[in-house]
Every structure is written in C-alpha cells, then in structure tokens.
Amino acid sequence: MDHRNDQELIMAYRAGDENALGWLVRRYVGPVHRFLTRMVGDARMAEDLAQETFIKAWRHLNRFDENKPFLPWLLTIAQRTAIDELRKKHALPFSILEDEALPDLGATIADTQPLPDVWLARKETAAVLEEELLRLPPRTRAILLMHETEDLTFEAIAELMKEPMNTVKSRYRRAILALKKQLTERFSTM
Amino acid sequence: MPTEEHLLTRLSEPLTPEDLGERIFHSILRAKMHRLAQKLILVMAGFFICLAYAAANASAIWAELQTSSFFSMLRLSFSDSDVLFKHSRDLFFALLESFPLISVILALTCACFLIGAGMLTNTLRYTRRDLLTLSLS
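This structure is a prediction, so every number in the text was calculated from the model and none was measured. (Residues numbered from 1 in each chain as written. Chains lettered and ligands numbered in written order. Predicted model: local features only at pLDDT ≥ 70, side-chain atom pairs only at ≥ 80, totals over all residues. Heavy atoms only, no water.)

### Describing the layout of surface pockets
- In this structure, the largest pocket occupies an estimated 520 Å³ of space.
- Lining of the largest pocket is provided by 17 residues; of these, F64, K68, W73, T76 and L160 of chain A occupy positions nearest its centre.
- Elements supplying a minimum of two residues to the lining of the largest pocket: α3 (43–60), α4 (70–89) and α9 (154–161) of chain A.
- Per element, the largest residue contribution to the lining of the largest pocket is six residues, and it comes from α4 of chain A.
- For the second largest pocket, the calculated volume is near 320 Å³.
- As for the second largest pocket, its lining consists of 16 residues, and the residues nearest its centre are Y13, E18 and W58 of chain A together with K32 and T123 of chain B.
- For the lining of the second largest pocket, the elements supplying multiple residues, two or more each, are α1 (6–14) and α3 of chain A together with α1 (20–56) and α6 (101–133) of chain B.
- For the lining of the second largest pocket, the residue count by class is five nonpolar, four polar and seven charged. (1 Å grid on protein atoms, 1.4 Å probe; cavity = no way out; pocket = protein on both sides within 12 Å on 5 of 7 lines; lining within 4 Å. Points joined across faces, edges and corners; volume = space filled by probe spheres on them. Helix = DSSP H or I, 4+ residues; strand = E, 2+ residues; numbered from the N terminus. Nonpolar A, V, L, I, M, F, W, Y, C, P; charged D, E, K, R; others polar.)

### Things to note about the interface of chain A and chain B
- Contact residues are listed per partner, giving 41 residues for chain A and 30 residues for chain B.
- Between chain A and chain B lies a buried interface of about 3,400 Å² when both sides are counted; carbon and sulfur atoms form 66% of it.
- Summed over the shared surface of chain A and chain B, the number is four salt bridges.
- The residue E18 of chain A makes a salt bridge to K32 of chain B at a minimum N-O spacing of 2.0 Å.
- At the junction of chain A with chain B, the criterion picks out four residue pairs in polar contact (both at pLDDT 80 or more).
- Going through the elements one at a time, α2 (18–40), α3, α6 (117–120), α7 (125–133), α8 (138–148) and α10 (165–188) of chain A are the ones with two or more residues in the side of chain A that touches chain B.
- Of the residues assigned to the side of chain A that touches chain B, the class counts are 21 nonpolar, nine polar and 11 charged. (Contact = heavy atoms within 4.5 Å. Buried area = accessible area lost by both parts, 1.4 Å probe. Salt bridge = Lys/Arg side-chain N within 4 Å of Asp/Glu carboxyl O. Polar contact = N/O pair within 3.5 Å; in protein donor to acceptor, adjacent residues only side chain to side chain.)

### Description of α6 of chain B
- End to end, α6 of chain B covers 48 Å across 33 residues, agreeing with the expected 48 Å (1.5 Å per residue, within 8%).
- Inspection of α6 of chain B places S103, L106, C110, G116, A117, L120, L124, T127, D130 and L131 of chain B among the buried residues, and these make up the whole buried set.
- In this fold, the buried residues of α6 of chain B make contact with α2 of chain A together with α1 and α2 (58–67) of chain B. (Expected span 1.5 Å × (residues − 1). Buried < 20%, exposed > 50% of the residue type's maximum accessible area, 1.4 Å probe, protein only.)

### Quick notes on the state of the cysteines
Residue and element names in this part refer to chain B.
- With the rule as written, the count across this model stands at zero disulfides over all chains.
- No disulfide involves C110; its nearest neighbouring cysteine sulfur is the one of C50, lying 4.2 Å away.
- Looking at the unpaired C112, the closest cysteine sulfur is the one in C50, lying at 9.2 Å.
- We classify C112 as exposed; its relative accessible area is 55%. (Disulfide = S-S within 2.5 Å.)

### Things to note about empty space enclosed by the protein
- If you walk through the whole model with that rule in mind, you get one cavity of 30 Å³ or more.
- Its volume calculated, the largest cavity comes out at about 50 Å³.
- Taken together, L21, L24, V25, F54, A57, W58, L61 and F70 of chain A together with I28 of chain B make up the lining of the largest cavity.
- Residue assignment for the lining of the largest cavity shows that the elements contributing at least two residues are α2 and α3 of chain A.
- A per-class count over the lining of the largest cavity returns nine nonpolar, no polar and no charged.

### Re the pattern of salt bridges
- By the definition in use, this model includes 16 salt bridges over all chains.
- With a closest N to O distance of 3.7 Å, E52 of chain A and K56 of chain A form a salt bridge. Of the two residues, E52 of chain A and K56 of chain A both sit in helix α3, four residues apart, roughly one turn of that helix.
- Overall, E52 of chain A belongs to the partly exposed group, its relative accessible area being 32%.
- Within the structure, one salt-bridge network assembled from shared partners comprises R34, R38 and E150 of chain A together with E13 of chain B.

Set out below in structure tokens:
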C-alpha cells in the first residue's frame, strides 16, 4: 500500500513514476466503479466505463490542478462518461423525470412524512430503490449519488457541474422526494 | 428514525472485481503505448520524407555544398587570422551570403526527427517494460 497522498502521487507520476498512477487507480477504482454501477445499473458496463473514465483522467492528468481533491474530479469524468454512454444506448426512459419536469414534482407530493421503517427494512427495498434511481434524469441521479454515497458537498458538486448551488440543492431535494413518492407507490401496491 | 434523506443508504454495495484496478492500469499503459507508437510513426514519416527529399535533390544539394565558398572562407579564417581581423566585417557578410542554408536546414530537420524517434522508442520500451512488470497486487 502506498501512503503518499493524492497530490504526491500525481506529482510523482508527472515526474515519471508510472507506478504512482497505478496507486491512484487502485485507490479510486472502488468508488468510481460503485458510482458508475449505480449510474448505469449494470456492473459489467460500469467496469468498461470505469476503464474509460481512468483513461480520460490519465489523458488530462497533466492539466489537473493537484491542489484540488482528486475524487470529485474523477467522479465528474465518470458522470460524463456514463451520461454519454446512456445517451448512445438510449437504454433508459429519461422522459419520466426530465429536468424541465422536475420543478413541479415537489408540489405533487402530498405526503412528506418519512417512509415507514417497516418498508425500509424490507429485503426488496434495495432492488426497488436501484430500479427507481435509474428512472431519474442522469444528472440528477449523479447529484444524488455524489452527495449521498460519495459524501461530496453541494458546493463541490455545484462547482464540478458548473451549476448554481441552489439549483443543485433543489434538484437533490426534488429527486429525493420523487424517489420517496415512487417507493410509496410501489410498496402500497405490494 | 430513517428519513427520506437516508434512502440511499439502503442501496446494496456493488462488488468491484479485485483485478479491475490492474486491468484499468494496464489498459492505460496500453493506451500510452498506442499514443507513443502513433507519434513514432509520424516522426519516422517526417524523417523519411526529409531523407527522400534529400535523395531526390541529392545532386542539387551536393552542388550547393561544392560551389558554396562558405567552407573555403571558413578555412581561410583559421589559416590567415590576420586577414580575418582586417576584413572581419566583409568576411562575416560573405559567410552569411555563402551559407548553404537549405542543406543545413535539411540536415538539422533530419537530425531532430531522428533524435525524436530515439526518445520515443526509448519511452515506448520503458512503457512496455512497465506493462509487463508493474503490478498493483
């Protein structure tokens, strides 16, 4: 295991140490693969996209500001790679929650109470959640995943996505409410 | 009590294959080799174009070198340095005037392409070695 921080590894790579790049890949392959799997809903496709993401990162590594955190930058590349792939394949029904439809969504949700514990404890919750997550618009899904599972702040996400922070926050909130609504509908009928 | 903000903690954790990092690292090295090979092809093409130009115009280049008084004046400046001091200004302009520019530029370009090809070949060799020897495990 290499104990150098990201900045040191990047500088070592730029100085000609190929192995430093290997350590960076090893350090972040897990988070990138996890993020991509949840973005595209297919672990095998996520492997290919992770490879593409790291190759793109390698191509642009000399232009990366090593004083900034590495993972958010990597996740932004991963997000763009995933969105490009999804667009190419037209695999998902984006129309259901396209960005322009989102502003009114919050208003349609009457019940803002937390979901019952008994639902959340159900075995199928994860599968249903993954399925419903894939119905969100890709950029909104990326915001949700970056914030919830990769612990990125709204500020960092807004900077990476080049969007105002309030837009990011409201997209996040509406997406959460939409997910909750979809789960409520699914579990009510079960 | 769980709230909607904690919904995503219910997601299952995707399993990352253990060798994925290594596969990605190797694919980066292969991409690097591919890029280096492309550059090497371009540089070698440049070198051979230069050589071809030199070969096609060999007689003209040789004639330029033969007829150019540049080298004889250069020799003169070494053998009769007193003349050089007396007519240094004239000699300087004469040297400039008789400089076999095209031949020299051609030779320098060829040399640059050759040096570049050498450097790229070397980097390619090291990257290939890294690909075969470096492992993340």
